[in-house]
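# Observations on the three-dimensional arrangement
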There are 2 protein chains.
Amino acid sequence: MMARLVMKFGGTSVADLDRIRNVATHVKREVEAGHQVAVVVSAMAGTTNQLVTWTKEAAALHDAREYDAVVSAGEQISVGLLAIALQEMGVSARSWLGWQIPILTDDAHGAARIADVDAAKLGERIDQGQVAVIAGFQGISPDGRIATLGRGGSDTSAVAVAAALNAERCDIYTDVDGVYTTDPRIVSKAKKLDKISYEEMLEMASLGAKVLQTRSVELAMVHNVRLQVRSSFDAPDSPQGTGSGSSYVGPGTLVCGEEEIVEQEVVSGIAYTKDEAKITLIKVADQPGVAARIFGPLADAAINVDMIVQNVSEDGERTDLTFTVPVADLERAVSVIEAACDTIGYEQILSDTDVVKVSVIGIGMRSHAGVAQKMFQTLADKGINLQVISTSEIKVSVLISAEYTELAVRALHSAYGLDDEAAA
Amino acid sequence: MMARLVMKFGGTSVADLDRIRNVATHVKREVEAGHQVAVVVSAMAGTTNQLVTWTKEAAALHDAREYDAVVSAGEQISVGLLAIALQEMGVSARSWLGWQIPILTDDAHGAARIADVDAAKLGERIDQGQVAVIAGFQGISPDGRIATLGRGGSDTSAVAVAAALNAERCDIYTDVDGVYTTDPRIVSKAKKLDKISYEEMLEMASLGAKVLQTRSVELAMVHNVRLQVRSSFDAPDSPQGTGSGSSYVGPGTLVCGEEEIVEQEVVSGIAYTKDEAKITLIKVADQPGVAARIFGPLADAAINVDMIVQNVSEDGERTDLTFTVPVADLERAVSVIEAACDTIGYEQILSDTDVVKVSVIGIGMRSHAGVAQKMFQTLADKGINLQVISTSEIKVSVLISAEYTELAVRALHSAYGLDDEAAA
């Protein structure tokens, strides 16, 4: 059996007909290399935003099922156009909408989760050599309505299809050429990683290296789908290529299981995110049950609390408690806590959005001591105060004042030996 | 059981959100009047053209199934937005795509015909008081792909749904307020008809009074669906209304069976079309079989021949033959005949696009003699030469030089007593 390959292209890659033809060229290359190909595409850039705007204009609070009917039209357009472009290049192809495959979802319209991908019909066609052009971002809910997966859901569609088709690999084409050790806009010596484990990628993705949607990486990890992040803007038949002619595309970064990564670095990357806000409760009672009285109401309001630190109580009775929530939820979080003021018991509530969470990530730190210590020392040497610290098996995160973002990221990148000495 | 009503709105009626809200107001009015409502809508004006342009840019010759996937997205957007707008006004509503109902079609993608409308689920919901917002122009073909009905197909969708739901009436909202005795742009004294029979409407529609798609009228006739043509731009709650408040909409024109039309006029209207071209073959052999040798190849090329006239042969051996074809097919028709020149045998082929077909239409002419004679005399009095004549049970058509169009239509409109003397 020929190797099956899933390719995924986002909205900017199919923004107009020239780019759609460029995508078709990428697909044709893989077909000619002997792959059976399924290609998952997003809506043409701008389309989804226009459709979302219309639904909001129609009503501020709208039926999510109708929202889904409207916004899923974007992918319906792009798959049809790509199928036509492929046929025009002599490549057998047909478009597949979510309900045609079907891609079955739950009924959480607007942010549905994929329950199952029925790959029977799809597999039959690609076995016959026909490229399957699949609408990303959409499926069909138990009541027979179109359901969308939430913004960026096309990555998840691609991984789910790759798992269902038992694909050798899922190539995610994007506007960057891979995953870097950190943000190259901050550190010019950032290195592109050849490989990164699912676990590390999850930390990188959720921490602001927005190359892949978090859910898609989780799904890839569960189903052991190998993900290759690569650039769709490398002209597939550019003469500046490697000289191997029309088949050149940069290799990008492979996201895979740890077992595929032979030489594991202790630290793989430095991530940062400005999407968290800090809340401090002054003079909370230092007694059992107080944490539950604070975090219970927040959980009920579906607000994710990330980092938590409780100062040592000076008098054994009152202490200060600090934690972080997503910036978008800050206002709501403060309201929830103020409403619970009497049951919690605190003197004052402070909030701060002028913070950044910087993280050192690496599977290798499981077996290497001293990673956290090096981080704290490096930041201390630069005079950077650590407001909150949290750790997991494969990462150490600190919350610092936002003004130190670049300084901290550059210092840590050097300290862990990640700088690309060949770069400028 | 409450009376079921199907309402249909075209692209200009849903061109933007303000107009979609206007449509919702029309629907709400009918719901409040006690109707069970299904509303069929086209794509927002301009959307379908944009989508068609893209498919053409992607490939001049494209897979009709992919074309259908792309262009049907337009109606998907408008039904979702209208459902949201209705809900916002407190009217229970949901959108239905062709495949969800389903509306089953044949496999003639791009110009499919409706095979069946399964009204079970639809009927159940509207019995519960939920407005069904149905995507026009689309259905699902036997292979499970989206199929479109061809331009203007939403009228046909509406009639098919009305037939399946056993609707009391199908209201076609359009940018004119009814069917007129002739084109009001030519004859200021044209009168709006209160009622017109299916047969007459078919002649009016196919002859250029482009209020309703011909196929939709045929379907309405077969299933005896009463069609009301009315204007969507009468503001439903305009104070200039009849004073009956929010329920005012102009009555428009009812297209129905003859039996509903008590006082049948002899002539109902004067239609004209510039969509025909004339071909004349000079000195064709005047012998059996020659007509077959001419019209056989044209039929094989799917070119519709409309009017035919053969001059009396002067010598019994050679004659001239004139016929009309759609302007769009003229070039092809001439090629077909030139290719068959040897088998047909003619001296010269002439063509002329500078012609117009003017028709006098009326069911009453079945029982009244002299209708054709009055037409010929009226045109003769104005010095207009008749190039070709054809008649049917309910119409008389003549082909004349295009420059006489307005003169002929006005003279005939007066001659048959159709002028509205109250008008300017």
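Residues numbered from 1 in each chain as written. Chains lettered and ligands numbered in written order. Predicted model: local features only at pLDDT ≥ 70, side-chain atom pairs only at ≥ 80, totals over all residues.

## Overview of the overall build of chain A
Looking only at helices and strands, chain A features 13 helices and 20 strands. Its C-alpha atoms give chain A a radius of gyration of 24 Å, within 12% of the compact-globule value 22 Å for 424 residues. With the C-alpha coordinates of chain A rotated into their principal frame, the extents come out at 80 × 55 × 35 Å. Counting over 424 residues, chain A shows a buried share of 49%. Put simply, 76% of the contacts in chain A that link residues at least 6 apart link residues at least 24 apart. (Helix = DSSP H or I, 4+ residues; strand = E, 2+ residues; numbered from the N terminus. Rg over C-alpha atoms; globule rule 2.2 N^0.38 Å. Buried ≥ 20, exposed ≤ 12 C-beta atoms within 10 Å, placed from the backbone. Contact = placed C-beta atoms within 7 Å.)

## Thoughts on the sheet that holds strand S19 (residues 388-392) of chain B
Residue and element names in this part refer to chain B. With respect to topology, four strands assemble into an open sheet ordered S13-S18-S20-S19, the strand pairing being antiparallel. If you trace the sheet from one side to the other, it starts and ends with strand S13 (269-273) and S19, each paired once. Recorded for the sheet is a direction-independent mean angle of 20° between the axes of neighbouring strands. Relative to strand S20 (residues 395-401), strand S18 (residues 355-361) runs antiparallel, the two being bridged by seven bridges. The residue of S20 that forms the bridge with Lys-357 is Leu-399. (Pairing = 2+ DSSP bridges. Axes fitted to C-alpha atoms, helices over the stretch in contact; angles between N-to-C directions.)

## Remarks on the interface of chain B and chain A
Taken together, the contact pairs 28 residues of chain B with 28 residues of chain A. When contributions to the side of chain B that touches chain A are tallied by element, the ones reaching two or more residues are helix H1 (17-32), helix H2 (47-58), helix H3 (64-71) and helix H4 (73-88) of chain B. Tallying contributions element by element places H4(B) first for the side of chain B that touches chain A, with eleven residues. Within the side of chain B that touches chain A, the residues separate by chemical class into 16 nonpolar, eight polar and four charged. (Nonpolar A, V, L, I, M, F, W, Y, C, P; charged D, E, K, R; others polar.)

## Topic: the domain arrangement of chain A
The domains assigned to chain A are domain 1 (4-176 + 211-259) and domain 2 (264-424). Relative placement of domain 1 of chain A and domain 2 of chain A: their C-alpha centres are 35 Å apart. (Domains from an automatic or database assignment.)

## Describing the nonpolar core
Formed by 232 residues in total, the largest nonpolar core has its most connected members in A:Leu82, A:Val133, B:Leu82 and B:Val133. Among residues more than four places away in sequence, those in contact with A:Leu82 are A:Val14, A:Ile20, A:Val23, A:Ala24, A:Val41 and A:Val133. (Core = buried A, V, L, I, M, F, W, Y, C linked by C-beta atoms within 7 Å.)

## Points about the confidence of the model for chain A
Residue and element names in this part refer to chain A. Here chain A averages 90 in pLDDT, and 95% of its residues register 70 or above. Contacts for the low-pLDDT stretch residues 237-248, under 50 throughout, to residues beyond four places or in other chains number nine contacts. If you check the scores for this complex, the pTM reads 0.84 and the ipTM reads 0.81. (pLDDT = per-residue confidence, 0-100.)

## Looking at the packing of helix H6 (residues 153-164) of chain B against helix H8 (residues 214-223) of chain B
All names here are of chain B. Taken N-terminus to C-terminus, the directions of H6 and H8 make an angle of 15°; their axes are 8 Å apart at the nearest point. Our classification of the angle between H6 and H8 gives roughly parallel. For H6 against H8, the interelement crossing comes out left-handed. For the pair H6 and H8, contact is made by Asp-155, Thr-156, Val-159, Ala-160 and Ala-163 and by Arg-215, Ser-216, Leu-219, Ala-220 and His-223, respectively. (Parallel < 35°, antiparallel > 145°, perpendicular 65-115°, else oblique. Left-handed = near helix turned anticlockwise from the far one by under 90°.)

## Some details on the packing of helix H1 (residues 17-32) of chain A against helix H4 (residues 73-88) of chain A
Residues and elements named next belong to chain A. Between H1 and H4, whose axes approach to 9 Å, the crossing angle comes to 60°. Between H1 and H4, the angle is such that the two are oblique. The handedness of the crossing between H1 and H4 comes out as right-handed. Packed against H1, whose contacting residues are Ile-20, Arg-21, Val-23, Ala-24 and Val-27, the element H4 presents Leu-81, Leu-82, Ala-85 and Leu-86 at the interface. Looking at the contact of H1 with H4, its residues break down into eight nonpolar, no polar and one charged.

## Looking at the environment of A:Val52
If you trace the backbone, A:Val52 turns up in helix H2 (residues 47-58). Sequence separation between A:Val52 and A:Asp68 is 16 residues, and the spatial gap between their C-alpha atoms is 9.5 Å.

## So, H4(B)
Residues and elements named next belong to chain B. Between its first and last C-alpha, H4 extends 23 Å over 16 residues, near the 22 Å set by a 1.5 Å rise per residue. H4 sits mainly inside the fold: 15 of its 16 residues count as buried. Within two residues after H4, Gly-90 carries a phi angle of roughly 85°, on the positive side. (Expected span 1.5 Å × (residues − 1).)

## Section: unusual backbone geometry
Residue A:Pro102 is bonded to the preceding A:Ile101 through a cis peptide linkage, with omega at -15°. Among the secondary structure elements, A:Pro102 is positioned in the loop between strand S3 (93-96) and strand S4 (103-105). The backbone phi angle of A:Phe137 is positive, close to 75°, even though this residue is not glycine. As for its position among the elements, A:Phe137 is in the loop between strand S6 (131-135) and strand S7 (138-140). Residue B:Asn224 is not a glycine yet carries a positive backbone phi of 55°. Secondary-structure assignment places B:Asn224 in the loop between H8 and strand S11 (227-231).

## Topic: the relation of the copies chain B and chain A
With an RMSD of 0.1 Å, the operation that places chain B on chain A is a rotation of 180° combined with a shift of 0.0 Å along the axis. Here the symmetry operator amounts to a two-fold rotation axis. The rotation axis passes nearest to the C-alpha of B:Ala73 in chain B, at a distance of 2.6 Å. Of the interface residues in chain B, 100% have counterparts in chain A that sit at the interface too, so the contact is made through matching surfaces. (Least-squares fit on C-alpha atoms with pLDDT ≥ 70 in both.)

## Quick notes on the sheet that holds strand S2 (residues 36-41) of chain A
Residue and element names in this part refer to chain A. The mixed open sheet is built from eight strands, whose spatial order is S3-S6-S2-S1-S9-S11-S12-S10. Among the strands making up the open sheet, the edge pair consists of S3 and strand S10 (195-197). If you compare each strand with its neighbour and ignore which way they point, the axes differ by 20° on average. Sitting on the sheet, H4 touches S2, S3 and S6, and the angle it makes with S6 is about 160°.

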